[in-house]
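Working through the structure, step by step
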Amino acid sequence: MVEARLRVIYGDTDQMGVVYYANYFRYFEFARSEFFRAHGGSYRELESTGLLLPVVEASAQYKASARYDDLLLIRTTLDELRRASLVFTYELLRDGDSPTLLCTGRTMHACVGRDGKPQRLPEAIARLKAADDTDT
């Protein structure tokens, strides 16, 4: 599990100062990128090999509202690894002395080549799963 933090900016909120629901998926993407960085890699490196990880399924379960200027803590886990796909899970919390769970989520990614055809996940991704399992 990797933890990432970010502060809600005004542009992510609606007129009431509440984070617009679709922005949680942007927060998940930010946390996913931080997951790769924490394990010594990046999306850029993967894409330089000709492989892409498009989202093929996404879900979020909203528990409470994030608001303008909240400091968010996003916990990301590489939950499943298959031959040509992987699943990340997320917990998004308002950070502080007693963190509050705001949202949980899940994204499934296919591994495809630039031609859009499924490709086997590279060994480096499998090592990320093994590393993530030993962290928990």
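Residues numbered from 1 in each chain as written. Predicted model: local features only at pLDDT ≥ 70, side-chain atom pairs only at ≥ 80, totals over all residues. Heavy atoms only, no water.

A word on the overall build of the protein chain. Within the protein chain, the secondary structure is distributed over 3 helices and 7 strands. When the helices and strands of the protein chain are listed from N to C terminus, the series reads β-α-α-β-β-β-β-β-β-α. Radius of gyration (C-alpha) of the protein chain: 16 Å, near the 14 Å computed for a compact globule of 136 residues. Based on the C-alpha atoms only, the size of the protein chain along its principal axes is roughly 45 × 30 × 25 Å. Going through the 136 residues of the protein chain one by one, you find that 41% of them count as buried. Summarising the internal contacts of the protein chain: among those between residues at least 6 apart in sequence, 66% fall at separations of at least 24. Looking at the protein chain as shown, the accessible area adds up to about 7,600 Å², and 49% of this sits on carbon and sulfur atoms. In the protein chain, 18 positive and 20 negative side-chain charges are present, and the distance between their average locations comes to 4 Å. (Helix = DSSP H or I, 4+ residues; strand = E, 2+ residues; numbered from the N terminus. Rg over C-alpha atoms; globule rule 2.2 N^0.38 Å. Buried < 20%, exposed > 50% of the residue type's maximum accessible area, 1.4 Å probe, protein only. Contact = heavy atoms within 4.5 Å. Areas by Shrake-Rupley, 256 points an atom, 1.4 Å probe, with all protein chains shown as cover. Lys, Arg positive; Asp, Glu negative; His and termini not counted. Charge placed at Lys NZ, Arg CZ, Asp CG, Glu CD.)

What holds strands together in a sheet is hydrogen bonding between their backbones, with the strands either parallel or antiparallel. What the 5 strands build is an open sheet, ordered S1-S4-S5-S6-S3; its pairing is antiparallel. Looking at the sheet topology across the chains shown, the edges are occupied by strand S1 (2–7) and strand S3 (55–62). Neighbour-to-neighbour, the strand axes of the sheet open up by a mean angle of 20°, direction not taken into account. Where strand S5 (residues 85–94) and strand S6 (residues 100–110) come together, 10 bridges link them in antiparallel fashion. Its bridge partner being in S6, Glu91 is matched across the sheet by Thr104. The strands touched by helix H1 (residues 23–38) are S1, S3, strand S4 (71–81), S5 and S6; relative to S1, the strand with the most contacts, the crossing angle is about 135°. (Pairing = 2+ DSSP bridges. Axes fitted to C-alpha atoms, helices over the stretch in contact; angles between N-to-C directions.)

Taken as a whole and judged by the stated rule, the model has 9 salt bridges. For Glu57, the salt bridge identified is with Arg106, shortest N-O distance 2.6 Å. Separated by 49 residues along the polypeptide, Glu57 in strand S3 and Arg106 in strand S6 bring together distant segments of the chain. Residue Glu57 is classed as partly exposed on the basis of its relative accessible area, which comes to 40%. One network of salt bridges, in which partners are shared, links Glu57, Glu80, Arg82 and Arg106. (Salt bridge = Lys/Arg side-chain N within 4 Å of Asp/Glu carboxyl O.)

Keep in mind that these numbers describe shape and distance, not what the molecule does.
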